[in-house]
Amino acid sequence: MEPGGARNSLSQLRRGAVEYCVLALLRDGERYGFELVRKLSEVDGLVTSEGTIYPLLTRLRRDRLVTTFWRESETGPPRRYYQLTDGGREALAGFTVEWARFRDGVDGLLKDEEEQ
Amino acid sequence: MRQKHPNKLVAEYLNRLESAAAGLGRGRRTELVAEIREHVDDGLREAGAVDEVAVRNVLERLGPPEEIAAAAGPPPTRAGRLELAAMITLALPFVGWIIGVVLVAASRAWTGREKVVGIAIALLPAVILALSFVAVGPSSGADTPGGTAVATLPEEEVDGSSGGLGPIELVVVLGSFFAGPVAAVYLSSRLRRPPERTGLASA
């Protein structure tokens, strides 16, 4: 595989995983866009362009995994908040199980390779 | 029409985003631009400053507008056959203009503003020409017997050396033939390369 190809598939992996990271961040309650995006970008290696999270949030809303509502803010104009739906909660639970299996499997293989 | 952001850098950034997102539906595009704008304002409030450094930091973290637009949907700008046909027909006078305008209007590769500018460039000389004919009357020209044309047109009109057209009219007529190609060049310059579908993080 060319190095470019590896980088590309890694970024596809990230793209898939970030969706569920958003859902995970909303597990314990609603958050507004800026807060959500900053939390995600604090995770090393997950997101480099914060702006690309917004289209993803739209997709999650379209897929009914999150809903949005507006709330007054103390410091400025009203903010759009994101909240998990029941569907979102289910999707997150499913992913959590699948991800653990996937991660353990990949880790196992990567370790074997190292030891040889 | 959204209100222009008071900060020049932010306004420029949002304009770039709007252009890059031309392929999204209007509702989706407006929403995306509004969301990014809210994000910028939140970021600046958090930074507690609106100086250039604060603005640049927030925009830098957001990433290139083209990348955001690419993440939002299929690249708007891939010049398809429609855009090619629109630009070619726009360059052809008369019937071509009409077809060209319809095709440009139908395309999703250009923003509303780009369409208006392109169409205006293409048709402006022709419109001026048409208006001048209406104002002067269709029978004007060197072969007009009598004085009606002489009264309304500049004197060069009557020597007939350029087939009844004065220098100004000549420029407008020539202009109306060149305007189409100029408009086509403008519109093609507004077509962006299909952006790479880069991931959320391009390591």
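Everything quoted here is computed from the prediction, not taken from an experiment.

A. Expanded view of the pattern of salt bridges. Scanning the entire structure with this criterion turns up 18 salt bridges over all chains. With a shortest N-O distance of 3.7 Å, Glu31 of chain B and Arg80 of chain A are connected by a salt bridge. Taken together, the positions of Glu31 of chain B in helix α2 (residues 26–47) and Arg80 of chain A in strand β3 (residues 79–84) put the pair across two chains. In this structure, the salt-bridge partner of Glu31 of chain B is Arg28 of chain B, at a minimum N-O distance of 2.7 Å.

B. Local environment of the interface of chain A and chain B. Chain A puts 32 residues into the contact, and the matching count from chain B is 26 residues. Between chain A and chain B the total buried area reaches about 2,500 Å² when both faces are included, carbon and sulfur atoms providing 50% of it. The largest per-residue losses of area from chain A upon contact with chain B belong to Phe34, Thr52 and Tyr54 of chain A, which jointly make up 23% of the total buried on that side. The tally of links from chain A across to chain B stands at 6 salt bridges. In this structure, Glu35 of chain B engages Arg80 of chain A in a salt bridge whose closest nitrogen and oxygen atoms are separated by 3.8 Å. Linking chain A with chain B are 13 residue pairs in polar contact (both at pLDDT 80 or more). Broken down by secondary-structure element, the contributors of at least two residues to the side of chain A that touches chain B are α1 (3–25), α2 (33–42), α3 (53–62) and β3 of chain A. Among the elements that line the side of chain A that touches chain B, the one with the most residues is α3 of chain A, at 7 residues. When its residues are assigned to classes, the side of chain A that touches chain B shows 13 nonpolar, 10 polar and 9 charged.

C. Up close: the sheet that holds β3 of chain A. All names here are of chain A. Ordered in space as β1-β3-β2, the 3 strands form an open sheet in which the pairing is antiparallel. Looking along the sheet, the strands with just one partner apiece sit at the ends: β1 (31–32) and β2 (66–71). Where β2 meets β3, 6 bridges bridge the pair, whose relative direction is antiparallel. From the neighbouring strand, Val66 faces β3, where its bridge partner is Leu84. The strands that α3 touches are β2 and β3; relative to β2, the one it contacts most, it runs at about 110°.

D. Examining the environment of Pro125 of chain B more closely. All names here are of chain B. Counting through the fold element by element, Pro125 comes out in helix α7 (residues 112–136). For Pro125, a relative accessible area of 15% translates into the label buried. Between the alpha carbons of Pro125 and Phe178 there is a distance of 9.2 Å; along the sequence they are 53 residues apart. In contact with Pro125, not counting residues within four places along its chain, are Val172, Gly175, Ser176 and Ala179.

E. Layout of the packing of α7 of chain B against helix α10 (residues 167–189) of chain B. All names here are of chain B. Contact geometry of α7 with α10 gives a least axis separation of 7 Å together with a crossing angle of 170°. As judged from the angle between their axes, α7 and α10 are roughly antiparallel. Listed contacts from α10 to Glu114, Val117, Gly118, Ile121, Ala122, Pro125, Ala126, Ile128 and Leu129 of α7 are Val172, Val173, Gly175, Ser176, Ala179, Gly180, Val182, Ala183, Tyr186 and Leu187. Class assignment of the residues belonging to the contact of α7 with α10 gives a composition of 14 nonpolar, 4 polar and 1 charged.

F. Expanded view of unusual backbone geometry. A positive phi angle, near 60°, is found at Arg64 of chain A, a position not held by glycine. Following the sequence through the fold, Arg64 of chain A ends up in the loop between α3 and β2. Classification of Arg64 of chain A as exposed rests on a relative accessible area of 67%. For Phe94 of chain B, which is not glycine, the phi torsion reads 60° and is therefore positive.

G. Structural view of a negative patch on the surface. Residue and element names in this part refer to chain A. Where like charges cluster on the molecular surface, the negative patch consists of Asp112, Glu113, Glu114 and Glu115. Within the secondary structure, Glu115 is located in helix α4 (residues 86–115). The exposure class assigned to Glu115 is exposed, which follows from its relative accessible area of 64%.

H. Representation of the nonpolar core in the model. Core analysis: the largest hydrophobic core is formed by 39 residues, its most contacted members being Val18 and Val22 of chain A together with Leu32, Ile36 and Val40 of chain B. Elements that contribute at least two residues to this core include exactly α1, α2, α3 and β3 of chain A together with α1 (8–20), α2, α3 (52–62) and α4 (65–72) of chain B. Dropping the residues within four chain positions of it, Val40 of chain B is found in contact with Val10, Val58, Leu59 and Leu62 of chain B. Membership of the second largest hydrophobic core comes to 13 residues, among which are Leu90, Val104, Trp110 and Ala122 of chain B.

I. Highlighting the confidence of the model for chain B. All names here are of chain B. This prediction gives chain B a mean pLDDT of 78; 76% of its residues lie at or above 70. Residue range residues 141–153 is modelled with pLDDT below 50. Its contacts to residues more than four positions away, or to other chains, number 13 contacts. Note that pLDDT drops below 50 for residues 194–203; the model gives that stretch 37 contacts with residues more than four away or on any other chain.

Thresholds, definitions, all that
Residues numbered from 1 in each chain as written. Chains lettered and ligands numbered in written order. Predicted model: local features only at pLDDT ≥ 70, side-chain atom pairs only at ≥ 80, totals over all residues. Heavy atoms only, no water. Salt bridge = Lys/Arg side-chain N within 4 Å of Asp/Glu carboxyl O. Helix = DSSP H or I, 4+ residues; strand = E, 2+ residues; numbered from the N terminus. Contact = heavy atoms within 4.5 Å. Buried area = accessible area lost by both parts, 1.4 Å probe. Polar contact = N/O pair within 3.5 Å; in protein donor to acceptor, adjacent residues only side chain to side chain. Nonpolar A, V, L, I, M, F, W, Y, C, P; charged D, E, K, R; others polar. Pairing = 2+ DSSP bridges. Axes fitted to C-alpha atoms, helices over the stretch in contact; angles between N-to-C directions. Buried < 20%, exposed > 50% of the residue type's maximum accessible area, 1.4 Å probe, protein only. Parallel < 35°, antiparallel > 145°, perpendicular 65-115°, else oblique. Patch = residues over 30% accessible without salt bridge, like charges linked within 9 Å, V, L, I, M, F, W, Y side chains within 5 Å. Areas by Shrake-Rupley, 256 points an atom, 1.4 Å probe, with all protein chains shown as cover. Lys, Arg positive; Asp, Glu negative; His and termini not counted. Charge placed at Lys NZ, Arg CZ, Asp CG, Glu CD. Core = buried A, V, L, I, M, F, W, Y, C linked by side-chain atoms within 4.5 Å. pLDDT = per-residue confidence, 0-100.

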